[in-house]
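# Structure at a glance
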Amino acid sequence: MDCPHCDGSGFVFDEEKRKSYPCKCRPARLARKRAAAVAGRIPKTYRGVSFDREPLPSIERSHPHVVREVRRYCGSIAEQLDQGRGLWFTGPPGTGKTTLAMLISRHAMEADRTCAIYSLPRLLAMLRETFRDDSPHSLSQLVDMLCSVDLLHIDDVGAEQTTPWVLEQLYTVVNTRYEDQRAIVVTTNLIGTGESGGDDELRAQIGDRTVSRLYEMCGDPFPMFGSDRRLEKQFNLPEPVQASSTPNPFYDGDMDEDRPRYGWAP
Ligand SMILES: Nc1ncnc2c1ncn2[C@@H]1O[C@H](COP(=O)(O)OP(=O)(O)OP(=O)(O)O)[C@@H](O)[C@H]1O
Ligand SMILES: [Mg+2]
C-alpha cells in the first residue's frame, strides 16, 4: 500500500545519518501481514456462492427469514464487522449452514476485509501443532493471527475430541475477539432446533464461557431445518456425458491448486 512517508517498505531512511527508522505505517503494515497469513480463501465447493445462484434461492424458499437477515448483514458488512457483530447457524447436516456462512465470508473479502476460514477440527489441530518442532508459528503468533483478522469464520463446530488445553486456546481466541469487538461467524449442528432445542451438547463440547461469548457476539443462532440436501444431490447426479475427445492425461489445468479445504496449512 502507498505511504506518503516511506517507499512502502515500512521503513524511512534518513540519508544524513544513514540510518533507517520504522515508519508510522509499520504497525498497520505488520497487522495486515499477520492477518494475511491466515486470510482464508473460499473452498472450491462454495466459491461461486451468491444470492442469485442455487442453492440460495432454494434456501430462501425454505428459510426466508434467515436469508433475509444474511442479506441484510451482507448489505452492511463493513458496519457489521466494525461493530464486531457476527452470526451463527445451527441445524442438521446438509441444510445450507456452511453455504450461508461462506456467502458472508465472500462479502467480507469483497469488501477488502481480512477473513480466516477454518473448520473447527482444523483450527484445533493447528493450535496443537504449534508444539511441534517444525511448526512455522509459535502458539502466541497463531493466536495473534486468529485475533487480528476482521472476520473469523469457524465452520463445523461439532463433536470432535479434544483436550482442555486446546479448548482453553480456543477460548482465548474467542474472548480476545470479543474484547476487541471483532466478528465471528460459526456453523454447528450441536444446538438442537425445535422441540429438541438446547445447547447442552455445544456447551459440553467447547465450554460454557466460549458459548456464552458466542451468544453475545452472534445473537441467537439461526436454526436451519430440513433433509440432507447433500444426499439428495447424490441421488440426482446428471447422466454421464460421452467425452468428445480423449482427455490428455498430462494436462492438469483443471486441477484445483488450492491448499486444504479450510484455511491455511503449515
Ligand atoms: N435448501 C437447499 N436447497 C438445495 N441445495 C441445498 C440446500 N441446502 C444445502 N444445499 C446443498 O447441499 C450441500 C450442503 O450444503 P452445506 O454445506 O451448506 O450444508 P451444511 O448445513 O453446512 O452441512 P454440514 O452440517 O454437514 O456441514 C451443498 O452442496 C449445498 O449446495
Ligand atoms: Mg457445514
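Each residue is numbered by its place in its chain's sequence as written, counting from 1. Here every chain gets a letter starting at A, and every ligand a number starting at 1, in the order they are written. In keeping with the predicted nature of the model, local features appear solely for residues at pLDDT of at least 70, side-chain atom pairs appear and are counted solely at 80 or more, and the whole-chain, interface and lining totals rest on all residues. Excluding hydrogens and water, the side-chain values take into account all heavy atoms of the structure.

### Brief notes about the site of ligand 1
Taken together, 16 residues are adjacent to ligand 1, and Tyr46, Gly94, Lys97, Thr98 and Thr99 come closest. As used in this structure description, the phrase polar contact means that two N or O atoms lie within 3.5 Å; if the pair is within protein, one of them must be able to donate a hydrogen and the other to accept it, and residues adjacent in sequence are counted only when both atoms belong to side chains. Between ligand 1 and the protein, one listed contact pairs an oxygen atom with a backbone N or O atom of Gly94 at 2.8 Å. A distance of 2.5 Å separates an oxygen atom of ligand 1 from a polar atom in the side chain of Thr99. Shrake-Rupley sampling with a 1.4 Å probe provides the accessible areas, and residues are treated as covered by the protein chains on show and by no other component. In isolation ligand 1 exposes 640 Å². Once the protein is present, 89% of that is buried. Residues are classed as near a molecule or strand on a simple rule: at least one heavy atom within 4 Å of it.

### Brief notes about the packing of helix α6 (residues 120–129) against helix α8 (residues 164–179)
With axes taken as lines fitted to C-alpha atoms, and helix axes fitted only over the stretch in contact, angles between N-to-C directions fall between 0 and 180 degrees. Runs of H or I in DSSP of at least four residues are treated as helices and runs of E of at least two as strands, each being numbered from the N terminus. For the pair α6 and α8, the least separation of the axes is 10 Å and the interaxial angle reads 105°. Accordingly, the angle class assigned to the pair α6 and α8 is roughly perpendicular. When α6 is examined against α8, the residues Leu120, Leu123, Leu124, Leu127 and Arg128 are found in contact with a partner set consisting of Trp165, Val166, Gln169 and Leu170. Note on residue classes: Ala, Val, Leu, Ile, Met, Phe, Trp, Tyr, Cys and Pro are nonpolar, Asp, Glu, Lys and Arg are charged, and everything else, Gly too, is polar. Per-class residue counts for the contact of α6 with α8 are 7 nonpolar, 1 polar and 1 charged. Any angle between 65 and 115 degrees counts as roughly perpendicular, while under 35 counts as roughly parallel, over 145 as roughly antiparallel, and the rest as oblique. Whether two residues are in contact is decided by their heavy atoms: any pair within 4.5 Å suffices.

### As for helix α5 (residues 97–110)
Under the 1.5 Å per step criterion, the end-to-end length of α5 is 20 Å for 14 residues, consistent within 8% with the ideal 20 Å. By the burial criterion, the buried members of α5 are Lys97, Thr98, Thr99, Leu100, Ala101, Met102, Leu103, Ile104, Ser105 and Ala108. A positive phi of about 65° marks Asp112, the residue just after α5. The span one expects for a helix is its residue count, reduced by one, times 1.5 Å. Note on classification: 1.4 Å probe, protein chains only; a residue is buried when its accessible area is under 20% of the maximum for its type, exposed when over 50%, partly exposed between these limits.

### Examining the pattern of salt bridges
Any carboxyl oxygen of Asp or Glu that lies within 4 Å of a side-chain nitrogen of Lys or Arg is treated as forming a salt bridge with it. Evaluated as defined, the whole model comprises 10 salt bridges. Across the pair Glu60 and Arg71 runs a salt bridge, and its minimum N-O distance is 3.1 Å. A residue pair is termed long-range when its members are at least 10 positions apart, and Glu60 in helix α2 (residues 56–62) and Arg71 in helix α3 (residues 64–75) qualify at 11 residues. Between Asp208 and Arg203 there is a salt bridge, and its shortest N-O distance comes to 3.0 Å. What makes Asp208 partly exposed here is its relative accessible area of 47%. What you see here is one network of salt bridges that share partners, running through Asp199, Arg203 and Asp208.

### A few points about unusual backbone geometry
A cis amide bond links Glu54 to the next residue, Pro55, at an omega of 10°. Here Pro55 is to be found in the loop between α1 (26–38) and α2. The phi dihedral of Arg18 is positive, around 50°, even though this residue is not glycine. With respect to the element layout, Arg18 can be found in the loop between β1 (11–14) and β2 (19–22).

### Observations concerning the packing of aromatic side chains
Here the aromatic set is Phe, Tyr and Trp, taking the six-membered ring for Trp, and pairing holds for ring centres within 6.5 Å; pairs whose planes are under 30 degrees apart are stacked, those over 60 apart are edge-to-face, and all others are tilted. Applying the stated criterion across every chain yields a total of 3 aromatic pairs. Ring centres of Phe89 and Phe222 lie 5.9 Å apart, and the angle between their planes is 35°; on these two criteria the pair is classed as tilted. Separated by 133 residues along the polypeptide, Phe89 in strand β3 (residues 87–90) and Phe222 in strand β7 (residues 222–223) bring together distant segments of the chain. For the pair Phe89 and Phe222, one class covers both residues: buried. Between Phe131 and Trp165 the ring centres are 4.9 Å apart and the planes differ by 50°, which places this aromatic pair in the tilted class. Residue Phe131 is located in the loop between α6 and α7 (139–148), and its partner Trp165 is located in helix α8; the two are separated by 34 residues in the primary sequence. Judged by its relative accessible area of 59%, Phe131 is exposed. Sitting over the ring of Tyr171, Arg209 keeps its end group 3.8 Å from the ring centre. In our convention, an over-ring charge means Lys NZ or Arg CZ found within 6 Å of a ring centre and within 35 degrees of that ring's normal. Above the ring of Tyr178, the side-chain terminus of Arg213 is found at 5.5 Å from the ring centroid.

### Details of the side chain of Asp155
In this structure, Asp155 sits in strand β5 (residues 151–157). At 3.2 Å, the side chain of Asp155 forms a polar contact with the side chain of Thr187.

### Notes on helix α10 (residues 208–218)
The set of residues buried in α10 consists of Thr210, Val211, Arg213, Leu214, Met217 and Cys218. On an axial view of α10, the arc spanned by its buried residues comes to 160°, and they lie on one face. Contact partners of the buried residues in α10: β3, α8, β6 (183–188) and α9 (200–206). Once α10 ends, the next one or two residues include Gly219, with phi positive near 70°. Each C-beta atom gives one direction from the helix axis, and the arc is the one those directions make.

### Some remarks on the nonpolar core
Formed by 32 residues in total, the largest nonpolar core has its most connected members in Leu120, Leu152, Ile154, Leu170, Leu202 and Ile206. Breaking this core down by element, the ones donating at least two residues are β4 (115–119), α6, α7, β5, α8, β6, α9 and α10. Apart from the residues lying within four places of it in its own chain, the contact partners of Leu170 are Leu120, Leu123, Leu124, Leu127, Ile154 and Ile206. Remark: nonpolar core denotes a set of buried residues (Ala, Val, Leu, Ile, Met, Phe, Trp, Tyr, Cys) joined through side-chain atoms within 4.5 Å. Ranked by size, the runner-up nonpolar core spans 28 residues in total, among them Phe89, Leu103, Ile104 and Leu151.

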